[in-house]
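Listed below are the residues making up each chain.
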Amino acid sequence: MVLPRAIRQSMLKADWGVQQHQIARSVRKIVRVKNQRRSTVNNLGKATRVEEVWESFCRKLKRILTLQKPVSAQVEDLESQIDQVQKQRAQQRLSIMMAEEYEEAKQDHGDSEESVEDNSSSNMNDDGGDNNDRNATSVIVIEGYEHEAAVLPETAPQQLSSRR
């Protein structure tokens with residue numbers, strides 16, 4: 001609600017005990033601050049552009065003198081490092097998950113480590129080659145990441161599928 005000046009001044013004098021010279025001093029301060037703000041806004045357009053150009057020049061000069069890569073190249077490097085770490089973590093999680101499932105399947109069916117080792121050694125030729133058509137490792141793709149893992153014994157996939 002807007003009050004006329006005379007009513008505001010009479011309220012200040014009567015209710016708050018403010019003297020006329022205090023009111024005048026406050027009004028002058030307010031007018032001075034308003035004028036400073038107005039001049040700042042008017043000068044922004046001219047000085048801002050010059051300051052931005054100068055700051056940009058200083059950043060580029062510093063980058064050249066210190067032989068740093070541009071910011072965009074630094075960002076790309078960091079993003080590639082993040083991708084590599086995420087791939088490694090996914091591979092680690094996959095290895096752990098496969099090992100846990102294999103151990104669970106082995107425990108569920110009473111297989112011991114000795115029988116697994118005997119089974120794997122019986123599949124070898126005299127020259128160290130594998131009698132089976134399968135390789136000793138298999139590539140698994142999860143969420144777009146390839147992971148090489150040891151092939152489970154022949155009974156393990158059947159055991160895992162029967163549990164589900």
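Being a predicted model, the structure only gives us computed values, none of them experimental.

(A) Quick peek at helix H1 (residues 5-16). In this model H1 runs 16 Å from its N-terminal to its C-terminal C-alpha over twelve residues, within 8% of the 16 Å that 1.5 Å per residue would give. Of the residues one or two after H1, Gly17 is the one with positive phi, at around 70°.

(B) How the structure looks around a nonpolar patch on the surface. Nonpolar side chains collect at one region of the surface, where Trp54, Phe57, Leu61 and Leu65 lie side by side and expose about 470 Å² of accessible area between them. In this fold, Phe57 is placed in helix H2 (residues 20-65).

(C) Quick peek at a positive patch on the surface. A surface patch of like charges, here positive, comprises Arg25, Arg28, Lys29 and Arg32. When you line up the elements, Arg25 lands in helix H2.

(D) Main features of H2. Spanning 46 residues, H2 covers 63 Å between terminal C-alpha atoms, matching the ideal 68 Å at 1.5 Å per step. At Leu44, H2 is bent by approximately 50°, the largest bend along its length. Two residues or fewer past H2, Leu67 is found with a positive phi of approximately 60°.

(E) Main features of the pattern of salt bridges. Counted under the stated rule, the structure contains three salt bridges. Residues Arg49 and Glu52 are paired through a salt bridge, measuring 3.8 Å at the closest nitrogen-oxygen approach. Remark: Glu52 and Arg49 occur in helix H2; sequence separation between them is three residues, near one turn of the helix. Exposure remark for Glu52: the relative accessible area of 42% places this residue in the partly exposed category. Here Lys106 makes a salt bridge to Glu103, at a shortest N to O gap of 3.7 Å.

(F) Region of the structure containing the packing of aromatic side chains. What the rule picks out here adds up to one aromatic pair. Ring centres of Trp54 and Phe57 lie 5.7 Å apart, and the angle between their planes is 35°; on these two criteria the pair is classed as tilted. Here Trp54 pairs with Phe57, and both are found in helix H2, just three residues apart, close to one helical turn. A relative accessible area of 45% means that Phe57 is categorised as partly exposed.

(G) How the structure looks around the confidence of the model for the protein chain. Counting all residues, the mean pLDDT for the protein chain is 76, and 66% of those residues have values of 70 or more. Predicted confidence for residues 112-124 stays below pLDDT 50, and this span has 14 contacts to residues more than four positions away or in other chains. A low-confidence stretch, residues 132-136 (pLDDT under 50), is modelled with ten contacts involving residues beyond four sequence positions or located in other chains.

(H) Just unusual backbone geometry, in detail. In the Ramachandran plot, Leu67 falls in the positive-phi region, its phi being about 60° despite a non-glycine side chain. Take Leu67: it is sitting in the loop between H2 and helix H3 (71-108). Given the relative accessible area of 76%, Leu67 is considered exposed.

Cut-offs used in this document
- Residue positions are given per chain, counting from 1 as you read along its sequence in written order.
- Local features in a predicted model are, by the rule used here, given only for residues with pLDDT of at least 70; side-chain atom pairs are given and counted only at 80 or more, and totals for whole chains, interfaces and linings are based on all residues.
- With hydrogens and water stripped out, all remaining heavy atoms of the structure feed into the side-chain values.
- By the criteria applied, helices consist of DSSP H or I runs no shorter than four residues and strands consist of E runs no shorter than two, each listed in order from the N terminus.
- A helix's residues, less one, multiplied by 1.5 Å, set its expected span.
- Distance thresholds for patches are 9 Å for like charges and 5 Å for nonpolar side chains (Val, Leu, Ile, Met, Phe, Trp, Tyr), applied to residues having over 30% relative accessible area and no salt bridge.
- Computed by Shrake-Rupley with a 1.4 Å probe, the accessible areas treat only the displayed protein chains as cover when residues are assessed.
- Any Lys or Arg side-chain nitrogen located within 4 Å of an Asp or Glu carboxyl oxygen qualifies as a salt bridge.
- Just so you know, the count uses Lys and Arg for positive and Asp and Glu for negative, and it drops His and the chain ends.
- For charged residues, the charge sits on one atom: NZ in Lys, CZ in Arg, CG in Asp, CD in Glu.
- Values of bend correspond, residue by residue, to the angle between axes fitted over the seven residues ending at that residue and the seven starting there.
- Per-residue accessibility, obtained with a 1.4 Å probe over protein chains only, is compared with the maximum for each type, and a residue is labelled buried under 20%, exposed over 50%, and partly exposed between these values.
- Put simply, two rings from Phe, Tyr or Trp (the six-membered ring, in Trp's case) pair if the centres are within 6.5 Å, and we call them stacked under 30 degrees between planes, edge-to-face over 60, tilted for the rest.
- How sure the predictor is of each residue is captured by pLDDT, a score from 0 to 100.
- Two residues form a contact once any of their heavy atoms are found within 4.5 Å.

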